[in-house]
Amino acid sequence: MNWLDTILQGILLGGLYALFAAGLSLVFGIMRLVNLAHGDLIVFAAFLILLLVSTLGLNPFLAALIAGPLMFGVGYLLQYHLLNRTLGKDILPPLLVTFGLSIVIQNGLLETFTADSQRIPAGALEQASISLGGINAGVMPLMTFASAILVIVGLNQLIYKTALGRAFRATSDDVVTAGLMGIRPNQIFAIATGLAMVIVTIAALYLGTRANFDPTAGPARLIYAFEAVIIGGLGSLWGTLAGGIILGAAQTLGAAINPEWQILSGHIAFLLVLLFRPRGLFPRAVD
């Protein structure tokens, strides 16, 4: 029963990692953009939610509803006015620009909020749990996992069932031809990044209510997001969820054997997948 509990906790932790990775996977699948500031944007959104909670006295979920549109605007403007200028055949400019953006965000947060560790208060939900066949599962981890599934289902419906989704797929396949058909690629890319920032806000909500965070926590979140995306397969949203679950389960199993092995176990699982399936478990570009 203890091992079943460990595996369950790992699966639920994988939901959080899938939320970290879903926005990254969406942006890469549509515009082949590797955003090294993704983890720092998650932390930025967490501080934004914390600010709304602490200054206005809002429930964190209501604060996230307010922060979501604000983060969409941040993502849209960032992509439209900065990141679109870096896109092209050379992958180096986006890497350099987003690396610089990461440094700017971290230092801005340090100056504004100091280096103190923070947490978003969630009241009784922090300790609430339910019994699943004799195994106790926290309400917040269950909500995190359910949110990850809803996000991925929603993204798949958007990409494959809507006109905006067709525009995403068209620009992903051929930017020039999409432009000739009346699509404005720069605007489409900006909308995609805005949507990714909404997902980032959801991830930030659960990050901030489940664990402490500080202005330098972004790079670690980025690593988990990258590993989940690569394990699942680039461009595959359901693969991203699978990658997050594998990463989370590996970490909790490693921690059950030796607490010092938690992070290492996740990295080992990532390396094993790279060794045997270099393109990930479910590789598929957005098409």
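Please read these numbers as outputs of a predicted model, since none were measured by experiment.

Glancing now at the layout of surface pockets. As a volume, the largest pocket reaches approximately 420 Å³. Lining the largest pocket are 20 residues; nearest its centre among them are Met31, Arg32, Leu87, Gly88 and Lys89. Elements with a minimum of two residues in the lining of the largest pocket: α1 (2-31), α4 (92-113), α6 (163-173) and α8 (185-210). The class makeup of the residues in the lining of the largest pocket is 11 nonpolar, six polar and three charged.

Turning our eyes to something else, we now look at the pairing of strand β2 (residues 135-138). Looking along a regular strand, one sees the side chains alternate between the two faces of the sheet. By the bridge criterion, four bridges tie strand β1 (residues 129-132) to β2 in an arrangement that is antiparallel. Paired with Ser131 across the two strands is Asn136, which belongs to β2. What sits between the antiparallel neighbours β1 and β2 is a turn of two residues, in which Gly133 has the positive phi angle 60°.

This part covers the nonpolar core. Membership of the largest hydrophobic core comes to 73 residues, with the highest contact counts inside it found for Phe20, Phe47, Ile49, Phe168 and Phe213. Examining the composition of this core, we find that 15 residues originate from one element, α1, more than from any other.

What follows covers helix α9 (residues 218-232). Helix length check: α9, at 15 residues, gives a terminal C-alpha distance of 21 Å against a target of 21 Å (1.5 Å per residue), a fit within 8%. Every buried residue belonging to α9 is among Gly218, Arg221, Leu222, Tyr224, Ala225, Glu227, Ala228, Val229, Ile231 and Gly232, and all of these are buried. Tucked into the core, α9 has its buried residues touching α1, α2 (38-56), α8, α10 (237-257) and α11 (262-276). Directly after α9, the chain includes Gly233, whose backbone phi takes a positive value near 115°.

Conventions used here
- Counting restarts for each chain, with residues numbered from 1 along the sequence as it is written.
- Reporting in this predicted model follows two pLDDT cut-offs: at least 70 for local features of residues, and 80 or more for side-chain atom pairs to be given and counted; totals over whole chains, interfaces and linings ignore these cut-offs and use all residues.
- Excluding hydrogens and water, the side-chain values take into account all heavy atoms of the structure.
- In this analysis, the protein atoms alone were mapped onto a 1 Å grid. Cavities are point sets where a 1.4 Å probe fits without being able to get out; pockets are open sets with protein on both sides within 12 Å along at least five of seven lines; lining residues have an atom within 4 Å of a point.
- Grid points are joined across faces, edges and corners, and a volume is the space filled by probe spheres set on the points.
- Comment: elements are numbered from the N terminus, with helices defined as DSSP H or I runs of at least four residues and strands as E runs of at least two.
- Note that Gly is not counted as nonpolar here; it falls among the polar residues with everything else outside the nonpolar set of Ala, Val, Leu, Ile, Met, Phe, Trp, Tyr, Cys and Pro and the charged set of Asp, Glu, Lys and Arg.
- When DSSP finds two or more bridges between two strands, those strands count as paired.
- Definition used in this section: a nonpolar core is a set of buried Ala, Val, Leu, Ile, Met, Phe, Trp, Tyr and Cys residues joined via side-chain atoms within 4.5 Å.
- Burial status follows relative accessibility: with a 1.4 Å probe on protein chains alone, a residue under 20% of its type maximum counts as buried, one over 50% as exposed, and anything between as partly exposed.
- Here a helix's expected span is defined as the number of its residues, less one, multiplied by 1.5 Å.
- Any two residues whose heavy atoms approach within 4.5 Å at even a single point are treated as in contact.

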